[in-house]
Amino acid sequence: MDRKKELARQRYQRQQQRRQAQEARARRVRIIGSILAVAVIAGGVAAIVTFTGDDGSDAAASASPTPTTEADSQDGKPKQEIELRKVSVSGGENGTAKCDYPESKDRGAPKGLGKPPSTAAYKGTVKATIKTSLGDIKVELDAGKAPCTVNSFAFLAEKKYFEKTKCHRLTSGGLSVLQCGDPTGSGSGGPGYRFANENTDGAKYTRGTLAMAHSQMPDSNGSQFFIVYKDSTELPPDYTVFGKITSGMGIVDKVANAGVAA
């Protein structure tokens, strides 16, 4: 079983390398001669792709899990646009977990956004609603197993960080997810801070899972997250699972069924 997982991880990383090479070429067209373009070409490849920031540090994770299956896989901007209109978090008991959010040089980080409180706002199960241009998605957040992740998500929701942002990436095949949470819509944006993984031990990425994206760097979660719309069992347990969709998966299916833009 361990050998099978290792082979799946290697196949997954090869897919990421091919995708990063394609993105690097496209980025050179947009940013000719820039240091950033050179950094993207020369930089390492993460399991979840990350572009480098202006200061050479990794920018926020472009939470785009890449399909591990060669045939019938897609990876790109969703053809059916979906915009986040409002995210609200409610309920739950006051938390006690201590959290750390060091600064990060992220593209699109709003000035004066600040950081989440160092003590988690919640514990246990917390309800959330993601209002989108296609309808509402209801979520149960797990502040018991991922208190600092839920703390950050609630903080960004309260700051209206997610409002008017589009889910910018759709993948299918061995990995079937919709990626959201980047205010730049490019896959390289973030909130200006980072935090560590939580709840990854034995993590399973089944349909309806809500999980964080991150780079190959340690403790590199930011604002980008993904919704799994089809069981993605080959994804290694390296990404924080912090909730599950309780209603509204039909909305995600609509986006997935439309495929990626040409």
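Above this text sits the structure in question.
Residues numbered from 1 in each chain as written. Predicted model: local features only at pLDDT ≥ 70, side-chain atom pairs only at ≥ 80, totals over all residues. Heavy atoms only, no water.

Each helix and strand counted, the chain has four helices and 12 strands in total. For the chain, buried positions account for 52% of its 262 residues. If you take every contact in the chain between residues at least 6 apart in sequence, the share linking residues at least 24 apart comes to 75%. Here the chain has roughly 12000 Å² of accessible surface; of this, 49% comes from carbon and sulfur atoms. (Helix = DSSP H or I, 4+ residues; strand = E, 2+ residues; numbered from the N terminus. Buried < 20%, exposed > 50% of the residue type's maximum accessible area, 1.4 Å probe, protein only. Contact = heavy atoms within 4.5 Å. Areas by Shrake-Rupley, 256 points an atom, 1.4 Å probe, with all protein chains shown as cover.)

Within the secondary structure, Phe-155 is located in helix H3 (residues 147–158). C-alpha separation for the pair Phe-155 and Ser-88, spaced 67 residues apart in sequence, amounts to 9.9 Å. Setting aside its immediate chain neighbours within four residues, Phe-155 contacts Leu-113, Gly-114, Lys-115, Pro-116, Pro-117 and Tyr-193.

Below, the discussion takes up H3. Helix length check: H3 (12 residues) gives 16 Å between terminal C-alpha atoms against 16 Å at 1.5 Å per residue, within 8%. Of all 12 residues making up H3, 11 are buried, and the element is well covered by its neighbours. For H3, the complete set of buried residues consists of Pro-147, Cys-148, Thr-149, Val-150, Asn-151, Ser-152, Phe-153, Ala-154, Phe-155, Leu-156 and Ala-157. Taken from the residues just after H3, Lys-160 is the one with a positive phi, measuring 60 degrees. (Expected span 1.5 Å × (residues − 1).)

It is worth spelling out the state of the cysteines at this point. What we call a disulfide is simply a covalent bond connecting the sulfur atoms of a pair of cysteines. The full count for this structure, using the stated rule, is two disulfides. Two residues, Cys-99 and Cys-148, share a disulfide whose sulfurs are 2.1 Å apart. Residues Cys-99 and Cys-148 share a disulfide whose torsion about the S-S bond is about -90 degrees; that sign makes it left-handed. With Cys-99 in the loop between strand S3 (93–94) and strand S4 (122–123) and Cys-148 in helix H3, this residue pair connects regions lying 49 residues apart in the sequence. Taken as a pair, Cys-99 and Cys-148 share a single burial class, namely buried. The side chain of Cys-167 participates in a disulfide bridge whose partner is Cys-180; the two sulfur atoms lie 2.0 Å from each other. (Disulfide = S-S within 2.5 Å.)

Read these as layout, nothing more, since geometry by itself doesn't imply function.
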